[in-house]
Amino acid sequence: MTDRQITITILAYPGSIKSAQYGLQEMFELANQACSEQHINVQFDTKIMQVSDISNINNVTFDIVILPPANSNHFYLKPDNAVLIWLSRQHKQGAVLTSACAGAFILAETGLIQTQKMTTHWNLEPDFKTMFPKVTLEIEKILINEGNIITAGGMMSWLDLGLELIAQFSHPSVMRQIGKMLVVDTGQREQRYYQQFNPPFNHGDIVILKLQQHLQQTFMINTTITDLALQCNLTSRTFLRRFYKVTCYKPTEYIQRLRIQKACELLETSRYSFEYIANKVGYEDTGACRKIFFRIIGLTPKNFRQRFMKNS
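Residues numbered from 1 in each chain as written. Predicted model: local features only at pLDDT ≥ 70, side-chain atom pairs only at ≥ 80, totals over all residues. Heavy atoms only, no water.

Caption draft 1: Main features of the packing of helix 7 (residues 206-218) against helix 9 (residues 236-247). Contact geometry of helix 7 with helix 9 gives a least axis separation of 10 Å together with a crossing angle of 80°. It follows that helix 7 is roughly perpendicular to helix 9 by the angle criterion. For the pair helix 7 and helix 9, contact is made by Val207, Ile208, Leu211 and Gln212 and by Phe239, Arg242, Phe243, Val246 and Thr247, respectively. Partitioned by chemical class, the residues of the contact of helix 7 with helix 9 number six nonpolar, two polar and one charged. (Axes fitted to C-alpha atoms, helices over the stretch in contact; angles between N-to-C directions. Helix = DSSP H or I, 4+ residues; strand = E, 2+ residues; numbered from the N terminus. Parallel < 35°, antiparallel > 145°, perpendicular 65-115°, else oblique. Contact = heavy atoms within 4.5 Å. Nonpolar A, V, L, I, M, F, W, Y, C, P; charged D, E, K, R; others polar.)

Right, dumping it as structure tokens:
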């Protein structure tokens, strides 16, 4: 029986991580072995391509194009126009465009993202939202599959992306076998399990910045919007508008995230009960704290501690 060949190119753009490039290539080679062992009629043909090679293959269409993570921002924030044109042409000809981590910036810059949702590394969220305010970003997700657009979140999310592509283009059983071979968790995860709250401080609004610095030390003390506005010498309406504009959070949400971030740190580094931790970060009602914790983190405090506690 003739194998169905899936052609993949991994675009090694400047600053992209070589370990992800070669790791993906080797993952698809392992998938070929697994397909053969399982008598599945699929073979992945994977190539790593430099940006300079694009002009030589303008007439070649791939089944999948992968934009890997990056460890420098000089290219992904300002990609070459030739790359954007090439990606658009690949998409128009039927290629599935995918990205991991910072690669999402290049993908969004093509202008191809309309109603599709995307994800990227949680720490890149402020820059992404500034550059692409019309794109729906779901930063808590590790992977979002929108059919012909697939994006993955963290620096190591190329593993999740590779497994997703293997499952989609061959069979989930192949993906599970690769997961076992690599000792990689193939169960569902979310990026918010790992996310830290790093609010922006470089927005230029000195009044709000001063309040943010104050809240870093006093988030456990109950306060009101009126009190916060008075600290800024602003009306409540003006305060709410300016605070949201520069932080992308309402003040109550902002304080909640500061509290839950501290709760996460205490769960990871201490053996205090959650009742004690909830009170320590500003909640008299442990049940309310538990609900907010789950809504933000996606895990119960108990499950979070089991997953992340050091020396547990």
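Read on, since the account is not over.
Caption draft 2: Representation of the side chain of Thr7 within the structure. Locating Thr7 in the fold gives a position in strand 1 (residues 4-12). Assessed through its relative accessible area of 18%, Thr7 is described here as buried. Setting aside anything within four residues of it in sequence, one finds Thr7 in contact with Asp45, Thr61, Phe62, Asp63 and Ile64. (Buried < 20%, exposed > 50% of the residue type's maximum accessible area, 1.4 Å probe, protein only.)

Caption draft 3: Main features of the pattern of salt bridges. Applying the stated criterion across every chain yields a total of seven salt bridges. When the shortest N-O distance is used, the salt bridge between Arg290 and Glu275 registers 3.7 Å. Of the two residues, Arg290 sits in helix 12 (residues 286-297) while Glu275 sits in helix 11 (residues 274-280), which places them 15 residues apart along the sequence. Residue Arg290 is classed as partly exposed on the basis of its relative accessible area, which comes to 34%. (Salt bridge = Lys/Arg side-chain N within 4 Å of Asp/Glu carboxyl O.)

Caption draft 4: Just the pairing of strand 2 (residues 42-50), in detail. Bridging between strand 1 and strand 2 involves nine bridges; their strand directions are parallel. Each residue of the ladder has a partner; that of Ile10, found in strand 2, is Ile48. Taken together, strand 1, helix 1 (residues 18-37) and strand 2 form a β-α-β motif whose crossover is right-handed. (Pairing = 2+ DSSP bridges. Right-handed = clockwise from strand over helix to strand, strands pointing away.)

Caption draft 5: Structural context of the sheet that holds strand 8 (residues 149-152). What the six strands build is an open sheet, ordered 2-1-3-4-8-7; its pairing is mixed. The sheet is open, and its two borders are formed by strand 2 and strand 7 (143-145), each paired with just one other strand. Averaged over all pairs of adjacent strands, the angle between their axes in this sheet comes to 15°, without regard to strand direction. With three bridges connecting them, strand 1 and strand 3 (residues 64-67) associate as parallel partners. Directly across from Thr9, in strand 3, lies its bridge partner Val65. Across the sheet, helix 1 is in contact with strand 1, strand 2 and strand 3; its angle to strand 2 comes to roughly 165°. Its contacts with the sheet place helix 2 (residues 81-92) against strand 1, strand 2, strand 3, strand 4 (96-100) and strand 8, and it is angled at close to 145° to strand 3.

Caption draft 6: Focus on unusual backbone geometry. Even without a glycine there, the phi angle at His39 is positive, about 60°. Along the chain, the position of His39 falls in the loop between helix 1 and strand 2. Note on His39: relative accessible area 75%, which makes it exposed. Positive phi outside glycine occurs at Asn233, with the angle close to 55°. If you trace the backbone, Asn233 turns up in the loop between helix 8 (225-231) and helix 9.

Caption draft 7: Molecular detail of helix 6 (residues 172-182). Among the residues of helix 6, Ser173, Val174, Met175, Ile178 and Gly179 are the ones counted as buried. Those residues of helix 6 that are buried are in contact with helix 1 and helix 5 (158-169). Of the residues trailing helix 6, Val183 is marked for its positive phi of about 55°.

Caption draft 8: Up close: the nonpolar core. Counting residues in hydrophobic clusters, the biggest one holds 36 residues, and the most contacted among them are Ile106, Met118 and Phe128. When contributions to this core are tallied by element, the ones reaching two or more residues are strand 3, helix 2 and helix 3 (103-109). For this core, the leading source of residues is helix 3, giving five residues. Not counting the four nearest positions on each side in its chain, Ile106 is found in contact with Tyr13, Leu67, Phe75, Tyr76, Pro79, Val83, Leu84 and Leu87. Among the nonpolar cores identified, the runner-up in size contains 35 residues, and Ile208, Leu215, Tyr254 and Ile297 belong to it. (Core = buried A, V, L, I, M, F, W, Y, C linked by side-chain atoms within 4.5 Å.)

Caption draft 9: The arrangement of the packing of aromatic side chains in detail. Evaluated as defined, the whole model comprises 14 aromatic pairs. Summarising the aromatic geometry, the rings of Phe293 and Phe304 are spaced 5.7 Å apart at their centres and angled 85° between planes, so their arrangement reads as edge-to-face. Of this pair, Phe293 sits in helix 12 while Phe304 sits in helix 13 (residues 301-308), and the two are 11 residues apart along the sequence. Each of the two residues, Phe293 as well as Phe304, counts as buried. Three or more aromatic residues link up through ring pairs in this structure, and these residues are Phe197, Phe239, Phe243, Tyr249 and Tyr254. When the ring centre of Tyr283 is taken as origin, the NZ or CZ atom of Arg259, which lies over that ring, is 4.9 Å away. (Phe/Tyr/Trp six-rings, centres within 6.5 Å; stacked < 30°, edge-to-face > 60°. Lys NZ or Arg CZ within 6 Å of the ring centre and 35° of its normal.)

Caption draft 10: Molecular detail of the side chain of Gln212. If you trace the backbone, Gln212 turns up in helix 7. Reaching out from Gln212, the side chain makes a polar contact with the side chain of His203 at a distance of 2.6 Å. (Polar contact = N/O pair within 3.5 Å; in protein donor to acceptor, adjacent residues only side chain to side chain.)

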